[in-house]
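Remarks on the overall topology
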Amino acid sequence: MTTPILEVHDLVKQYPATTAVAGVSFNVPPGICFGLLGPNGAGKTTTIEIMEGILPPTSGEVRYRGAPLGARFREEAGILFQKTALQDFLTVRQSIALFRGLYDHGLDVEEVIRLCALEKLADRDSRKLSGGQQQRMLLAIALVNDPQMLFLDEPTTGLDPQARRNFWELVESIKARRKTIILTTHYMEEAELLCDEIVILDRGRIVAQGAPRRLLHEHFAEVLLELPRQDFPAAARALPLKVLDASDRVEITTDDLETTLRTLLDARVPLQNLRIRPANLEDLFLELTGTELRP
Amino acid sequence: MMRRLLSVLHARNLEFLRDRSTLLFTLLLPIALVIGMGFVFGGPERPLFKVGVISTQIDPASHPFLRQRYVQFVPLPDAGAALHKLTHQQIDLLVELRSPPRYWVNTDSPKGYMTEKLLLAAAPDAQRQPVSGAGLRYVDWLFPGILGMNMMFSCLFGVGYVVLRYRKSGFLKRLHATPLTAFEFLSAQVLSRLLLIVFVTAVLYAGISLIIGFHNAGSLLLLVLLAVLGALSMIALGLTVAARFSSEELVGGMLNLLTWPMMLLSGIWFSLEGSPRWVQWLAHLFPLTHVLDAARAVMLDGAGLAQIAPNLLFLGFTALAFLAFGAWSFRWRID
């Protein structure tokens, strides 16, 4: 078995009014992309900030390469926070150079600029970048020490689809260099595409853990039938089916497609807008964390 | 360690120098103040005579001269220092009320002539000792005060608000995720502001000296040493306030709480000579008082290192104490 690069032991973080993390444990093997998923307020950012050494836990421990987080971890970790402000009036190149100066070892500033496709923006004021460009610059800063471990906290939130795909390609190229990545995200598509292993958190606890494909196989031996909500009459809810409400549709999971279709036809449910697809990570996420809106 | 410190120092200097409006304001405000003050106070002196009495206290019952109206009597136990004030026309007459009374008068001072007449009316047998020496203009006396005030604002608000802005924006949190230590970060901020203040003060000194025709009686190097220690002490004082708080209102209020007593009691605008003892005692708790006392001693009286050593020691000690407290209580992020 591979020795984990990061071990998380029974983390607890309590605030006066709430418990943000309530006993979370997992190991991260080296060289993989490890996803932390969960609805708003699940404890993802608190957990990742404790793992980054930014926030002290109430109890529990995080160990990097078998030792408590210390100078070596700070030298070898790269971090992209959910929100980061930099110094005013500095260009992209100068902002990257500032952070390069804080590490003993790392990549050449120009190399990082090239790696994150920032050549044409290098001399621009860092405040005058678009959302996607800003994230690429912050990723460059996170990579400036050539980290063994990269933390990405909701890196594509607020980006347009093109910028998001562009960012994913960058993360794929970092993965190809055998770096360990810890990623938190709201986008299941992102987690499915990038993560080799995931943990789903809800109310500060782990509700599922493992490789996405394996988790899907464990929870969904079935296929999913999607119907517009208006096509699914209230009477049909009495049918012997596993029905889950999504925003504008209902989802029916089944391992016997023919019988389910016959049941729906017999009940005169209109099927002209029916869509059949295999379960994905979003289905798993909703099944485990529910569909109710979080405060 | 030096590499990290220099990286932060370089970035902070770039940030400040590119913020042109702040830079311009930092330079123009004190120049405008000095020119304005020169116009306001550079004219005729206030119509009050000031007479030094070689004594530890003033007892009006002891001599009829001490009961004269419109004359302020100042006890000056040190005869040497009192004569020095007379030659600089900081007092109009110096008397020793023994029997018969003895007095010193500055023959270059019109007010000395007037006060001599008042004395001779009350003590015709008083023995005359003439001295001479050009008087100080108020603007010459004010000049170190303006430089010191500019330093104080730049030290306290410059560093305090910058650290607060970094904390609120999350920049400090990002730095905390690197190997940079609080001591390295704070040292870089102190050095950056120190370089700026010494540079701005030197530019102001040269510029204003030309405008008002000021001549420094002491060592320029000693003034640089004083500026460095004074700025260090006040920057470090600003850091103690900005070290952990995240509210602009609170930090602004606390900085005002520090600056206003210093504005009023450190001797920027007027001498504290003759004010109650407790006011003088309180004033000497402020770094700015020591900066101004020492600067005036060097610039106006030509004092050397030995004379201002107590002020320099106070500034050095407080700089270390404030910096240690600031580093100890420093917070990278908003709790």
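Residues numbered from 1 in each chain as written. Chains lettered and ligands numbered in written order. Predicted model: local features only at pLDDT ≥ 70, side-chain atom pairs only at ≥ 80, totals over all residues.

Take the overall build of chain B next. Secondary structure summary: chain B contains twelve helices and five strands in total. In terms of overall dimensions, chain B has a C-alpha envelope of 80 × 35 × 35 Å along the principal axes. Per-residue burial for chain B yields a buried fraction of 41% across its 335 residues. Within chain B, counting contacts between residues at least 6 apart in sequence, those at least 24 apart form 75% of the total. (Helix = DSSP H or I, 4+ residues; strand = E, 2+ residues; numbered from the N terminus. Buried ≥ 20, exposed ≤ 12 C-beta atoms within 10 Å, placed from the backbone. Contact = placed C-beta atoms within 7 Å.)

For the rest of this paragraph, the subject is the overall build of chain A. Helices and strands together make up the secondary structure of chain A, namely ten helices and 14 strands. For chain A, the spread of C-alpha atoms along the principal axes amounts to about 70 × 45 × 40 Å. Here chain A holds 295 residues, and the buried ones make up 37% of them. Considering only residue pairs separated by 6 or more positions, chain A has 72% of its internal contacts joining residues 24 or more positions apart.

As for its placement among the helices and strands, His215 of chain B is situated in the loop between helix H7 (182-212) and helix H8 (220-242). Spatially, the C-alpha atom of His215 of chain B lies 7.8 Å from that of Met299 of chain B, the residues being 84 residues apart in sequence.

What follows deals with the nonpolar core. As a rule of thumb, soluble globular proteins bury nonpolar side chains together. Of all hydrophobic cores here, the largest spans 135 residues; its most connected members are Ala140 of chain A together with Leu226, Leu239 and Val298 of chain B. Leave out the neighbours within four places in its chain, and Val298 of chain B touches Gly218, Ser219, Leu222, Leu223, Leu226, Ala303 and Ile308 of chain B. By size, the runner-up hydrophobic cluster in this structure holds 18 residues, among which are Phe73, Leu76, Leu83 and Trp104 of chain B. (Core = buried A, V, L, I, M, F, W, Y, C linked by C-beta atoms within 7 Å.)

Entries for chain A in the domain assignment read domain 1 (6-216) and domain 2 (221-278). Just the C-alpha atoms count here: the centres of domain 1 of chain A and domain 2 of chain A sit 39 Å apart. (Domains from an automatic or database assignment.)

So, on to the sheet that holds strand E11 (residues 223-228) of chain A. Remark on secondary structure: sheet strands pair via backbone hydrogen bonds, oriented parallel or antiparallel. Residue and element names in this part refer to chain A. The four strands are arranged E12-E13-E11-E14 in an open sheet whose pairing can be described as antiparallel. Of all strands in the sheet, those bounded by a partner on one side alone are strand E12 (242-245) and strand E14 (275-278). Geometrically, the sheet is characterised by an average inter-axis angle of 30° between neighbouring strands, direction not taken into account. Alignment of E11 against E14, held across four bridges, turns out to be antiparallel. Counted as the bridge partner of Val223 is Pro278 from E14. (Pairing = 2+ DSSP bridges. Axes fitted to C-alpha atoms, helices over the stretch in contact; angles between N-to-C directions.)

Confidence along chain B averages 84 in pLDDT terms, with 92% of residues attaining 70 or more. Across the interfaces of the predicted complex, the ipTM metric reaches 0.77, alongside a pTM of 0.72. (pLDDT = per-residue confidence, 0-100.)

Bringing the environment of Phe183 of chain B into the picture now. Here Phe183 of chain B shows up in helix H7. Each C-alpha atom, one on Phe183 of chain B and one on Leu323 of chain B, is 9.0 Å from the other, the two residues being 140 residues apart in sequence.

With that settled, the discussion passes to the interface of chain A and chain B. Of the residues lining the interface, 21 residues belong to chain A; the matching set on chain B comes to 19 residues. For the side of chain A that touches chain B, the secondary-structure elements that each account for two or more residues are helix H2 (71-76) and helix H3 (92-100) of chain A. Of the residues contributing to the side of chain A that touches chain B, the split by class is twelve nonpolar, four polar and five charged. (Nonpolar A, V, L, I, M, F, W, Y, C, P; charged D, E, K, R; others polar.)

Residues and elements named next belong to chain A. Here strand E1 (residues 6-14) pairs with strand E4 (residues 59-64) via five bridges, running antiparallel. Within the sheet, the bridge partner assigned to Leu6 lies in E4 and is Tyr64. As defined by bridge partners, E1 adjoins strand E2 (residues 19-28) across seven bridges and the pair is classed as antiparallel. Note on E2: the bridge partner recorded for Leu11 is Val24. If you look at the hairpin formed by E1 and E2, you'll find four residues sitting between the two strands.

The next point concerns the pairing of strand E3 (residues 93-96) of chain B. Residues and elements named next belong to chain B. When strand E1 (residues 49-53) meets E3, the two strands line up parallel, connected through three bridges. In the strand pairing of E3, Val53 is matched with Val95. As defined by bridge partners, E3 adjoins strand E4 (residues 102-106) across four bridges and the pair is classed as antiparallel. Looking at the pairing, Val95 lines up with Tyr103 of E4. The loop that links E3 with its antiparallel partner E4 comprises five residues.

Residues and elements named next belong to chain A. The four strands lie next to each other as E2-E1-E4-E5, forming an open sheet whose pairing is antiparallel. Each edge of the sheet is formed by a strand with only one pairing partner; in this case those strands are E2 and strand E5 (67-68). Where E4 meets E5, two bridges bridge the pair, whose relative direction is antiparallel. Paired with Tyr64 across the bridge in E5 is Ala67.

This brings us to the packing of helix H8 (residues 212-219) of chain A against helix H10 (residues 281-289) of chain A. Packed helices, taken two at a time, are described by their axes: the angle between them and the distance between them. All names here are of chain A. The contact between H8 and H10 brings their axes to 10 Å, and the two run at 60°. Considered as vectors, H8 and H10 are oriented oblique to each other. Helix-helix and strand crossings are classified by hand; for H8 and H10 the assignment is left-handed. Within the contact between the two elements, H8 uses Pro212, Leu215, Leu216 and His219 and H10 uses Leu281, Leu284 and Glu287. The residue makeup of the contact of H8 with H10, split by class, is five nonpolar, one polar and one charged. (Parallel < 35°, antiparallel > 145°, perpendicular 65-115°, else oblique. Left-handed = near helix turned anticlockwise from the far one by under 90°.)

According to the domain assignment, chain B contains domain 1 (2-41 + 137-328) and domain 2 (49-131). Distance between the C-alpha centres of domain 1 of chain B and domain 2 of chain B: 38 Å.

All names here are of chain B. Close contact between H8 and helix H12 (residues 305-328) brings their axes to 8 Å; oriented N to C, the two are set at 25°. Relative to H12, H8 is oriented roughly parallel. The two elements H8 and H12 meet at a crossing, and its hand is left-handed. Contact with H8, carried on its side by Leu222, Leu225, Leu226, Leu229, Gly230, Leu232, Ser233, Ala236, Leu237, Leu239 and Thr240, involves Leu305, Ile308, Leu312, Leu315, Gly316, Thr318, Ala319, Phe322, Leu323, Phe325 and Gly326 of H12 and no other residues of that element. Each residue belonging to the contact of H8 with H12 can be placed in one class, and the counts come to 16 nonpolar, six polar and no charged.

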